[in-house]
Amino acid sequence: MALTSIDVVSFGYHHGAPPPAGVILDLRLHFKDPHFDLSLRDLTAHDLPIRRAVLTTPGIRELIAATALVADAYEAGPIEAPLTIAVGCAGGRHRAATVAMALATRLSKTGVPVRLTHRDLDKPVADR
């Protein structure tokens, strides 16, 4: 077992630089932002409507699956070490947090200890 642990961290670029990580996913340009739907703007990934909106976005499930395969590649490596996967979007409340939650759930089935952290989930809605 090469991975000693996996940290999955969600963050928002509007709240600062990405955390140090071996893998960084930037969701800002390629995936629809629920922030622009006024009925969703003030919600977070803790709310089912946000999780539904993000997880039904074309390409998101494929990205989660591909990122799990990246973690598998690190697991196959010869050196034991932790892996940090950072998932970012504009504000860190919608896309990044939802993808990080789904990714952490998927990775937790591998037997490697997984820790999920939301750096910016509870911060105010970012102005665009």
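Our subject is the structure listed above.
All chains use their own residue numbering, which begins from 1 and follows the written sequence. The predicted nature of this model means local features are confined to residues of pLDDT at least 70 and side-chain atom pairs, given and counted, to a pLDDT of 80 or more, with totals for whole chains, interfaces and linings taken over all residues. Note that water and hydrogens are dropped before the side-chain values are worked out from all heavy atoms of the structure.

## What about the overall build of the chain?
Tallying secondary structure elements over the chain gives three helices and four strands in all. Only runs of H or I of at least four residues qualify as helices and only runs of E of at least two qualify as strands under DSSP, and these elements are numbered from the N terminus. In the chain, the succession of α and β elements from N to C terminus is β-β-α-α-β-α-β. On C-alpha atoms alone, the chain measures out to a radius of gyration of 14 Å, which is about the 14 Å that the 2.2 N^0.38 rule sets for 128 residues. Projected onto the principal axes, the alpha-carbon positions of the chain cover approximately 50 × 25 × 25 Å. With a 1.4 Å probe rolled over the protein chains alone, any residue whose accessible area is under 20% of its type maximum counts as buried; one over 50% counts as exposed, and the rest are partly exposed. Of all 128 residues assigned to the chain, the portion counted as buried reaches 42%. Taking the intrachain contacts of the chain between residues at least 6 apart in sequence as the baseline, contacts between residues at least 24 apart amount to 82%. Per-residue and other accessible areas were derived by the Shrake-Rupley procedure at a 1.4 Å probe size, with only the shown protein chains allowed to occlude residues. Accessible surface, the chain: about 6,700 Å² in total, of which carbon and sulfur atoms supply 58%. Asp and Glu are treated as the negative residues and Lys and Arg as the positive ones, with His and the ends of the chain left uncounted. Taken as the charge centre is NZ of Lys, CZ of Arg, CG of Asp or CD of Glu, depending on the residue. Averaging the locations of the 14 positively and 13 negatively charged side chains of the chain gives two centres separated by 4 Å. The globule rule used here is 2.2 Å times the number of residues to the 0.38 power, and the radius of gyration it is set against is calculated over C-alpha atoms. In this description, contact between two residues means that some pair of their heavy atoms is separated by no more than 4.5 Å.

## Quick look at the side chain of His 94
Tracing the sequence through the fold places His 94 in the loop between strand 3 (81-89) and helix 3 (95-107). Take His 94: its relative accessible area is 4%, and that puts it in the buried class. One polar contact links the side chain of His 94 to the main-chain carbonyl oxygen of Arg 41, over a distance of 3.3 Å. In contact with His 94, not counting residues within four places along its chain, are Asp 33, Pro 34, His 35, Leu 40, Arg 41, Leu 43, Thr 44, Ala 45, Ile 50 and Val 54. Throughout this description, a polar contact denotes any pair of N or O atoms lying within 3.5 Å of each other; where both atoms belong to protein, one of them has to be capable of donating a hydrogen while the other can accept it, and for residues adjacent in sequence the pair is counted only when both atoms sit in side chains.

## Observations regarding the sheet that holds strand 4 (residues 114-118)
In any sheet, the strands associate via hydrogen bonds between backbone groups, in a parallel or an antiparallel arrangement. Think of it this way: DSSP has to see at least two bridges between two strands before they count as a pair. With respect to topology, four strands assemble into an open sheet ordered 2-3-1-4, the strand pairing being parallel. Of all strands in the sheet, those with a lone pairing partner are strand 2 (23-26) and strand 4, marking the two edges. Each strand of the sheet is rotated relative to its neighbour by a mean of 15°, with strand direction disregarded. Strand direction decides the pairing type here: strand 1 (residues 3-12) and strand 3, joined by eight bridges, are parallel. Paired with Phe 11 across the two strands is Gly 88, which belongs to strand 3. Comment: axis = line fitted to C-alpha atoms, over the contacting stretch for helices; angle = value between 0 and 180 degrees taken between N-to-C directions. Along the sheet, helix 3 contacts strand 1, strand 3 and strand 4; its crossing angle with strand 1, the most-contacted strand, is approximately 165°.

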